[in-house]
Structures are given as C-alpha cells and as structure tokens.
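Inside the fold
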Amino acid sequence: MSNIAIITGASSGFGKEFTKQLASKYRKLDEIWVIARRTELLETLAKEVTSTKIKVLSYDITNREHILELKKLLAEKQPTVRILVNNAGYGLMGHFDEIPLESQLGMINLNCYALTEITHFVLPYMKQRSQIIQIASSAAFIPQPSFAIYAASKSYVYSFSRALAQELKPYDISVTVVCPGPASTEFFDIASTTGDIKLIKNMFMANPVNVVKEAIEDAAKGKQVSTHTLAMKSLRILARIVPTRFILPFMK
Ligand SMILES: NC(=O)c1ccc[n+]([C@@H]2O[C@H](COP(=O)([O-])OP(=O)(O)OC[C@H]3O[C@@H](n4cnc5c(N)ncnc54)[C@H](OP(=O)(O)O)[C@@H]3O)[C@@H](O)[C@H]2O)c1
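Structure report, in brief. Note that this is a predicted model, so its numbers are computed, not measured.

1. Describing the overall build of the protein
- A count of helices and strands for the protein gives 10 helices and 7 strands.
- Relative to the 2.2 N^0.38 estimate, which gives 18 Å for 252 residues, the radius of gyration of the protein is 18 Å and therefore close to what a compact globule would have.
- Dimensions of the protein along its principal axes, counting C-alpha atoms only, are 55 × 35 × 30 Å.
- The buried share among the 252 residues of the protein stands at 51%.
- In the protein, 70% of the contacts between residues at least 6 apart in sequence involve partners at least 24 apart.

What follows is the structure, encoded as structure tokens:
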C-alpha cells in the first residue's frame, strides 16, 4: 500500500511550496497528489520535483464531477494518506454589496465547502501519525470590513480545524491550522481585482517559503495552530483580549 500526500491548490504560491518542501522532507512518501485547475503549472512542478513521484490531478475542486473522480481514485488505489494539505483558496477585497454574489459564494464553496468535503472523504485513508494541514489565514482572527466573506470563510476553517484536532486526538491524527498574514503569492493579484490592497498589507508581506517551512515544522510537532511572524502572532493575541468593536475600525 502506498503512502501519499495530497495537496490542493498546488499550481502556485503556498501549495507549490508545500509540494517542494514535503517532497524533500518526507522521502518515504511514494507519491504526492497535486491538485489545481492549471495543468501546465502542475506538470512543470512535477518535472521540478525529482525526489518523489508527483501525480498531477487537474481538478476544479468546486466541480462535483472532479470531486467524484478524486473519490473514485482513492477508492481504486487505496493509499494511506500521510499528509493532507487543504490549501486551495481565494479572497476578494471590496464591499459586500459591490462584489458579485457569485464570486462571494465561490469563496465559500472553495474555502469552506470543498475543504470540508475533502477532509471528510480523505480521513478514512489516514492512519496514526497522519497529518491534516488546513490553510486558514490571520484574517480568521478578526472580522474584516472590505474582506468580509473571505475573513468569515477563514474563521470557519480555523474553528472547524481546532475542533477536529480535538476529535482526532484519540486516533493520533494531527490537525494544524495555518494562519498566515499577507504573503507574496498570486493571492493578491486575484484579491485586488475587486478592491485595493492597503499599504499596511504590503508592509507585512511574508515570503511563502518561510511560511510553509514553519507550517511543516509545526505540523510535525503536532501543533494545532501555525502562525508565521511576530506581527501575526501578536494579532492573534490582540484579537483574544481586545473587544472586537474596538479593533474593527482599524481593520478596514
Ligand atoms: N498569500 C496570502 O497573503 C495568504 C494569506 C493567508 C492565507 N492565504 C491562503 O493560502 C492559500 C493559498 O493561497 P496562495 O497565497 O498560495 O495563493 P495562490 O498563489 O493564488 O494559490 C491558490 C491556489 O488555489 C488553486 N485553486 C483556486 N481555485 C481552485 C479550484 N476551484 N480548484 C482547485 N484549485 C484551485 C489555484 O490553482 P489554479 O488556479 O491552477 O486552480 C492555486 O494553486 C489560500 O487558501 C489562501 O486563502 C494566503
């Protein structure tokens, strides 16, 4: 039986970085299944990573037929999933009433619905010491005017993952929720199609290589939350001690 990792949103940004770093850290993985819509980028990644076999799965994980294909593939191959990285996601900046409803629901479909469904059907293929890594965001800590649905979707990922971590403790399966601040990936190219990125976000822009390195280390230690940079760790603490109504005016 083969030991595999599954990474969604592997064609760019954090997902691509997870693929490279997990391949180099966990040499005993037989395969890494990489999922995204842009096949060429996944195929380029597969050529770049030479230490581990990369299985390219050109799926849109909000598409029912593709989700069924993934389920079928798991049932057919019966692998042991050592690591699942639910990373695919996007955000759109701007006022709730100005962004097309379809795009806002699309965020919920990808960031919440697909993540939940994949976690649910991959879980039976996991064993003791398997790891689930869920990519949330520091936006999960506080509601964000002008980024409302995105922040809410990531609060969902955060809350769900913390609870799941507790439920899976007896089975020795860890769940680590990763809460990065702004990082230089394609994320803001998409996010700024509906609104402007604020200067403050540019000032805190992290390198995705470091975010992913820390996330992989934290997941290996079984940490439930991985927050890169002192600024984002401070934001998490601030959100716990200062009433939301006082922070909200500064979050726009
Ligand atoms: N960068 C940041 O500042 C930041 C901060 C906090 C959290 N995050 C979170 O980090 C995660 C990764 O984002 P990133 O920063 O690496 O941005 P990114 O470079 O835009 O990567 C997003 C990935 O998701 C994939 N994806 C999008 N829609 C998909 C779909 N329907 N089906 C399958 N794959 C899909 C994209 O691939 P295709 O287009 O090829 O499908 C891409 O590989 C997201 O969940 C994001 O919310 C990012």
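What follows continues from the structure just given.
2. Points about the packing of helix α3 (residues 64–77) against helix α4 (residues 101–122)
- Between α3 and α4, whose axes approach to 11 Å, the crossing angle comes to 20 degrees. When the axis of α3 is compared with that of α4, the two are roughly parallel. You can see that α3 and α4 cross each other, and the crossing is right-handed. Residues Arg64, Ile67, Leu70, Lys71 and Leu74 of α3 touch α4, and the partners they reach there are Tyr113, Glu117, Ile118, Phe121 and Val122.
- In terms of residue class, the contact of α3 with α4 is built from 7 nonpolar, no polar and 3 charged.

3. A few points about the sheet that holds strand β7 (residues 225–226)
- Pairing is parallel across the open sheet formed by 7 strands, whose spatial order is β3-β2-β1-β4-β5-β6-β7. Every interior strand has two partners, whereas the edge strands, β3 (53–58) and β7, have only one.
- In this sheet, strand β5 (residues 131–135) lies alongside strand β4 (residues 80–86) in parallel orientation, the contact comprising 4 bridges. Opposite Ile83, over in β5, you have Gln131 as the bridge partner.
- Along the sheet face, helix α2 (residues 39–48) touches β2 (31–36) and β3 and points at about 180 degrees away from the line of β3.
- This element, α3, spans β1 (3–8), β2, β3 and β4 of the sheet and lies at about 170 degrees to β2.

Cut-offs used in this document
Residues numbered from 1 in each chain as written. Predicted model: local features only at pLDDT ≥ 70, side-chain atom pairs only at ≥ 80, totals over all residues. Heavy atoms only, no water. Helix = DSSP H or I, 4+ residues; strand = E, 2+ residues; numbered from the N terminus. Rg over C-alpha atoms; globule rule 2.2 N^0.38 Å. Buried < 20%, exposed > 50% of the residue type's maximum accessible area, 1.4 Å probe, protein only. Contact = heavy atoms within 4.5 Å. Axes fitted to C-alpha atoms, helices over the stretch in contact; angles between N-to-C directions. Parallel < 35°, antiparallel > 145°, perpendicular 65-115°, else oblique. Left-handed = near helix turned anticlockwise from the far one by under 90°. Nonpolar A, V, L, I, M, F, W, Y, C, P; charged D, E, K, R; others polar. Pairing = 2+ DSSP bridges.

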